[in-house]
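The primary structure of each chain is shown beneath.
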Amino acid sequence: MATLFSRPQRRPPLLRQAIKIRRRRVRDLQDPRPPWAQEIEPSSHHLSPEERALLYEEALYTVLYRLGQPEPNHVGESSELLRYLQEAFHMEPEEHQQMLTRVQQLEKPVFCLKATVKQAKGILGKDVSGFSDPYCLLGIEQGTTVSGGSPGLRRRQKAVVRHTIPEEQTHRTQVITQTLNPVWDETFILEFEDISNASFHLDMWDMDAVESVRQKLGELTDLHGLRRMFKEARKDKGQDDFLGNVVLRLQDLRCREDRWYPLEPCTDTYPDRGQCHLQFQFIHKRRATTASRSQPSYTVHRHLLQRLVSHEVTQHQAGSTSWDGSLSSQAATILFLHATQKDLSDFHRSLAQWLAYSRLYQSLEFPSSCLLFPITSIEYQWIQGRLKAEQLEELASSFSSLLAYGLSLIRRFRSVFPLSVPDSPARLQSLLRVLVQMCKMKAFGELCPDSTPLPSLVTEALRAGTVEWFHLKQQHHQPMMQGLLEMGKALLSLVQDIIGDLHQCQRTWNKIFHNVLKIDLFAMAFLELQWLVAKRVQDHIAAVGGSVTPEVGESLFQLYVSLKELYQLGPLPSERDGVLALEGFHRWFQPAIPSWLQKTYSVALARVQRAVQMDQLVPLGELTKHSTSAVDLSTCFAQISHTARQLDWPDPEEAFMITVKFVEDTCRLALVYCSLIKARARDLSAGQKDQGQAANMLCVVVNDMEQLRLVIGKLPTQLAWEALEQRVGAVLEQEQLQNTLHAQLQGALAGLGHEIRTGVRTLAKQLEAGIAKHIQKLVGIRESVLPEDAILPLMKFLEVKLCYMNTNLVQENFSSLLSLLWTHTLTVLAEVAASQRSCPLACSRLKFALQNLEICFYAEGCGLPPEALHTATFQALQRDLELQAASSRELVHKYFCSRLQQQAATTSEELGAVTVKASYRPSEQKLRVELLSASNLLPLDSNGSSDPFVQLTLEPRHEFPELAPRETQKHKKDLHPLFDETFEFLVPAEPCQKDGACLLLTVLDHDTLGTDDLEGEAFLPLCSVPGLAGTEEPGEVPQTRLPLTYPAPDGDPILQLLESRKGDREAQVFVRLRRQRAKQASQHGPRLGR
């Protein structure tokens, strides 16, 4: 029978009105609790044996009397659900069977179908207006089975509910007038006994009231309406029209259904009669379990939820996995059945879930994100009046409890959310978001109105937690022995832990707290910790006093470095609110500075001595040509530079003095190393008979020194001199800086350079004797040997030795060696060339040797650069050898080439000048010379005048052997003679085009009684004569004015070389003539000043 939640009311029989229950009036379906009943409120998620038994009974009862088809992803077999419950409640098989038997003996619940008629759409319009006034009749037909799995046999009958279901079991919705899409949203509770032979019936009718003809005519809108009016006239007055029905078997429904169902017609006249939206839920009334009779439904559901979630979490922990908040299909099925059977609203389900999860979260480990859904659901459906006073108190208590627990976790977040666990940041962020969402809830604001704002609570928790963490760390590092050294090490470990914690706050935690709550965790933690650290450090330094032993000094240095790192983590001075406790902390360590510097030097010196003692002076590899001690020394110096950078003393003047000390110690170590490594080389080579092994060691020593020089040269960069000079610029003068740091460095580099040069010079001396010996042998080889064969022994010697040196020396030292050897080689070549001036063959070989030696020392760009090769000595030797290796005729050519260059460079007509016109006729092979005049000649006679004439010769004579000299007429007493004479020379063009070929114009003063005096010489290059370069005849020939010149008064080197060749008659004749001209010129030298 139908049951309302106030008291049963009898329907008026004429209207057949069903009892309707709107969703807003749905109340608790359970019987009132007896006043003696006590709620189960455990202090934790653990239950007492009695409570566990009552809850187990409730769960078994829920499974045994489940109704409806299973939901998707739910478990359909009850046996599987029973096994899961036995495992979740830790029941032994015997105990489980006893409980199951007892539950089966309990009275069955009253089975009910909670049906909600939501709305319909697209129904037929039965009234004259084209609309209908629909209402629904619904009920459950019990005890009739329909074959074929559906109640289809009655689908064509009208008034199914009226004719098949008793009137007292029939329910009716209200009438919605004039619509084709009615909305009811009415809920009814329909009891039934056996789900297997029960079916749900719903008929939809159009209410027809008695109206006058005038009213009906007023509602007409079209011909269809008129037809409906005639049809109405044939009906009985007040008879309702059938709109359609829905017939469903209960056993085909799920525990919850929410669907649109088509309205079935009674005939095929109008097959499409629209759809009806229905919601179904199978519920229990008068459950026989003790928990259902004594406690609110949501409380029992919460306890069951707590138990199952606790089991789920425990199962995941046993499998070494973390629970992600997803229930197993068995747990989800049981909880769904229980909430449905108890007809819990969504709000009460969310409330139960919140109370269960918020309590479990405080004792079990699972994601806090599981709390977000119930928070959101409660906030969405919150109406304070729908909860009783004890429920409101329970909810407020859960808020306060979770908030306090969350703040305790935040206070201990360093240990609760360690970064060693990958998901710790995400877990902390999730907790903060849950607390933020909870504190934003309307329910929280109404139930906890006096709560402090969450950011303030979290900030205070973080501050207190930071202080607690500091004291825990301090206690953890407390040493067993209370000595100064042990206390210093403990304090250092504490500071390093604090630095590590601040780095974690800066990189990870601060981002989380700032994003969620706008809290600057890093700044707060730094301010708290730096005060605590400063107090501990000052106490420790006061305890140390002036007794700074090396061990204590080392501990203080590490503490200083750590404090500097801690201080640098803090805000910039412009961003600080006040003075930090660590401000000026470096002054606390001033007494320890001498100890630090002495310790640095002592450690470095011991390391250098040990490195040299272990060094076997063997290169480390093909590319690394220095030995192990050089590597150790580089590392040692790098450590000194690192110590200086670590110190980085803030005070400019003191920082400058500290840097001076570091540079002084480094330079001293460099010189000590040079002495030690040379002594090591002497010791190792003392017993060596192989000179090559000794040379190898010397190469390694030189390379080690070069490596040391490179390391020393990097000191300004490594010690940041430029930044230091800028800092002390306002205190110290630039000259003082130069006289200290730079002077020390340059002195050390100069000393190293001297040591390197000495070593390279020793290596060079070993090769110089061999080079000199081979060059001496070069000139003594017989004439039949070719030059390339003659120099072969020298080149092989150099190839072997230089390849060896290149292999064993670094590039800088090898270049220095090459430079020394090149200078020595040039000196030896010059000495040998000077002794062989009269032997062209020997000089030719020396010239060839010089050319090949240049190539050898250049080594295709891998040896000496061109500017180092082409020194003044080289260029002079090259010129001398080129002359000495030339034949006599080649030297004569070179002589006239030099005179032509002298002629071209002469512009002064101090000796006078001659004017000529010269041309060449290729067709006749004739050189035509017109001697026009001379001017400004010197007066060589005693009468103050001269008797000039000009001698014309084609030079060199060996190129024109058949052409005799020509002379002009002699002019008496004329310093400006006008000759105007023409001479023709029959000569081919080829010799005229050679270098040095020229027309020599010798102007003489005729003396009757003695030798003619020389007025001067002029040289006309034949290659410039018109007509000689081509085959065409020259046109107008220009005049050429040639200043007269004298031979060189000091003697020409070419003439000296020719003169040394006594056996060459042609050379001697040429030299004799040129000497005569030079002698004549020297006699008239004083007259040039006229």
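Because the structure is predicted, anything quoted here is derived from the model rather than measured.

A word on the layout of surface pockets
At step 1: Roughly 410 Å³ of volume is contained in the second largest pocket.
At step 2: Lining the second largest pocket are 20 residues; nearest its centre among them are Tyr361, Glu365, Phe366, Pro367 and Arg427.
At step 3: In terms of residue count, the dominant contributor to the lining of the second largest pocket is helix α14 (residues 424–440) (three residues).
At step 4: The residue inventory of the lining of the second largest pocket, partitioned by class, reads eleven nonpolar, five polar and four charged.

Regarding the sheet that holds strand β14 (residues 978–986)
At step 1: Pairing is antiparallel in the open sheet, where four strands are placed in the order β14-β11-β10-β17. Because the sheet does not close on itself, it has two edges, and the strands there are β14 and β17 (1040–1043). When strand polarity is set aside, the average angle formed by the axes of neighbouring strands in this sheet is 25°.
At step 2: In this sheet, β17 lies alongside strand β10 (residues 913–921) in antiparallel orientation, the contact comprising four bridges.

Quick look at the packing of aromatic side chains
At step 1: Here the structure, examined in full by the defined rule, presents 28 aromatic pairs.
At step 2: Centroid distance Tyr560 to Trp596: 5.6 Å. Interplanar angle 40°. Geometry classified as tilted. With Tyr560 in helix α19 (residues 550–569) and Trp596 in helix α20 (residues 593–614), the pair connects residues that are 36 residues apart, well separated along the chain. Of the two residues, Tyr560 and Trp596, both sit in the buried class.
At step 3: Aromatic rings pair up to connect Phe557, Tyr560, Tyr567, Phe585, Phe589, Trp596 and Trp649 into one cluster.
At step 4: One cation-aromatic arrangement involves Arg307 over Phe89; the distance from NZ or CZ to the ring centre is 5.4 Å.
At step 5: A cation sits over an aromatic face here: Arg668 above Tyr601, 4.6 Å from the ring centre.

A word on the nonpolar core
At step 1: Among the nonpolar cores identified, the biggest contains 250 residues, and Phe200 and Phe589 are the most heavily contacted of them.
At step 2: If sequence neighbours within four positions are ignored, Phe200 has contacts with Leu113, Ala115, Leu138, Gly139, Leu190, Val246, Val247, Leu248, Leu250, Leu278 and Phe280.
At step 3: Counting 38 residues, the second-largest nonpolar core is a separate cluster that includes Leu927, Leu940, Val950 and Phe979.

Section: the side chain of Ser629
At step 1: Along the chain, Ser629 turns up in helix α21 (residues 628–647).
At step 2: Look at Ser629 and you get buried, because its relative accessible area is 1%.
At step 3: Contacts of Ser629, omitting those with residues within four sequence positions, involve Ala611, Val612, Asp615, Tyr673, Ile677 and Asp704.

Calculation criteria
Residues numbered from 1 in each chain as written. Predicted model: local features only at pLDDT ≥ 70, side-chain atom pairs only at ≥ 80, totals over all residues. Heavy atoms only, no water. 1 Å grid on protein atoms, 1.4 Å probe; cavity = no way out; pocket = protein on both sides within 12 Å on 5 of 7 lines; lining within 4 Å. Points joined across faces, edges and corners; volume = space filled by probe spheres on them. Helix = DSSP H or I, 4+ residues; strand = E, 2+ residues; numbered from the N terminus. Nonpolar A, V, L, I, M, F, W, Y, C, P; charged D, E, K, R; others polar. Pairing = 2+ DSSP bridges. Axes fitted to C-alpha atoms, helices over the stretch in contact; angles between N-to-C directions. Phe/Tyr/Trp six-rings, centres within 6.5 Å; stacked < 30°, edge-to-face > 60°. Buried < 20%, exposed > 50% of the residue type's maximum accessible area, 1.4 Å probe, protein only. Lys NZ or Arg CZ within 6 Å of the ring centre and 35° of its normal. Core = buried A, V, L, I, M, F, W, Y, C linked by side-chain atoms within 4.5 Å. Contact = heavy atoms within 4.5 Å.

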